[in-house]
Number of protein chains: 2
Amino acid sequence: MVEAPAVAVIFTSTRAIGDDVAYESTADEMVALAGKQDGFLGMTSARDPHTRRGISVSYWRDEECARAWKQVAAHAEAQRQGREGWYSEYEVVVAAVTRSYSSRK
Amino acid sequence: MVEAPAVAVIFTSTRAIGDDVAYESTADEMVALAGKQDGFLGMTSARDPHTRRGISVSYWRDEECARAWKQVAAHAEAQRQGREGWYSEYEVVVAAVTRSYSSRK
């Protein structure tokens, strides 16, 4: 579990109807690529296949690392494809983690 | 879309196998109840039915409002049921929103 200090990037999106194969392939590549970036602390994602609404949260050491990931070339290209077709809408909220807790049984 | 300043409460969970009817009913009640709380700014949720992993993000005016919601009696009871059976694991990350942007087509 991520602990403060950290930066959370909350990506909420609705998948447009269309090319699921290319989308899924690129999404998997982006998860793998994010994991190799400096300051990457973790990522968690969920999408409801009926509403096509999804949330991905990535955690970063600091704001600079989060911004650097946004600029990585392959990620910038994936963002372009996301804007142009894969998502009917999306929003990004960036937030500074202040506290966290978990329960595991 | 939420804008800074705001507080994000990121709730990530795995649903245990079991009573989906009571869980769904209570989850719907909690969404409705959260919407009535002082300082509530919005909520978004997604769960993958295959992995049973879900993410809900609620947004609040400030930390005090987020903490007050945690203490609301019906919500505290729902949290107890969550800990005791509905979730096999969960984590909560609280973060202060610093910036946000969106794209709508």
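Use the structure listed above.
Here is what the cut-offs are and how they apply
- Residues numbered from 1 in each chain as written.
- Chains lettered and ligands numbered in written order.
- Predicted model: local features only at pLDDT ≥ 70, side-chain atom pairs only at ≥ 80, totals over all residues.
- Heavy atoms only, no water.
- Salt bridge = Lys/Arg side-chain N within 4 Å of Asp/Glu carboxyl O.
- Helix = DSSP H or I, 4+ residues; strand = E, 2+ residues; numbered from the N terminus.
- Buried < 20%, exposed > 50% of the residue type's maximum accessible area, 1.4 Å probe, protein only.
- Least-squares fit on C-alpha atoms with pLDDT ≥ 70 in both.
- Contact = heavy atoms within 4.5 Å.
- Phe/Tyr/Trp six-rings, centres within 6.5 Å; stacked < 30°, edge-to-face > 60°.
- Buried area = accessible area lost by both parts, 1.4 Å probe.
- Polar contact = N/O pair within 3.5 Å; in protein donor to acceptor, adjacent residues only side chain to side chain.
- Nonpolar A, V, L, I, M, F, W, Y, C, P; charged D, E, K, R; others polar.

What follows is about the pattern of salt bridges. Inspection of the entire model under this criterion finds 16 salt bridges over all chains. In this structure, R53(A) and E89(A) form a salt bridge, with 3.3 Å as the shortest nitrogen-oxygen distance. Of this pair, R53(A) sits in strand β3 (residues 53-60) while E89(A) sits in strand β4 (residues 87-104), and the two are 36 residues apart along the sequence. A salt bridge links E63(B) to R67(B), with the shortest nitrogen-to-oxygen separation between them at 2.9 Å. Of the two residues, E63(B) and R67(B) both sit in helix α2 (residues 63-71), four residues apart, roughly one turn of that helix. For E63(B), a relative accessible area of 25% corresponds to the partly exposed category. Salt bridges linked by common partners bring R15(A), D20(A) and R52(A) together as one network.

Attention shifts here to the relation of the copies chain B and chain A. Least-squares fitting of chain B to chain A yields an RMSD of 0.0 Å, with the transformation described by 0.0 Å of translation along the axis and a rotation of 180°. Classification of the inter-copy transformation places it as that of a two-fold axis. Here 100% of the contact residues of chain B are again contact residues in chain A; the copies associate through an equivalent surface.

All names here are of chain A. One pass over the full model with this rule turns up 14 aromatic pairs over all chains. Note on F11 and Y87: the rings are 5.3 Å apart at their centroids and 70° apart in plane angle, and the pair reads as edge-to-face. Of the two residues, F11 is situated in strand β1 (residues 7-15) and Y87 in strand β4; the sequence distance between them amounts to 76 residues. Between the aromatic rings of F40 and W60, the centroid separation amounts to 5.4 Å while the plane-to-plane angle is 75°, which identifies the pairing as edge-to-face. Pair noted here: F40 is in strand β2 (residues 40-47) and W60 is in strand β3, with a separation of 20 residues, a long-range link.

Each partner contributes residues to the interface: chain B has 42 residues there, and chain A has 42 residues. Both sides together, the interface formed by chain B and chain A hides about 3,500 Å², and carbon and sulfur atoms give 53% of it. Counting across the interface, chain B meets chain A through two salt bridges. One salt bridge connects R99(B) with E63(A), and the closest N-O pair in it is separated by 2.7 Å. Linking chain B with chain A are 13 residue pairs in polar contact (both at pLDDT 80 or more), by the criterion used here. Elements supplying a minimum of two residues to the side of chain B that touches chain A: β1 (7-15), β2 (40-47), β3 (53-60), α2, α3 (73-86) and β4 (87-104) of chain B. Per element, the largest residue contribution to the side of chain B that touches chain A is 18 residues, and it comes from β4(B). A class-by-class count of the residues in the side of chain B that touches chain A yields 18 nonpolar, eleven polar and 13 charged.

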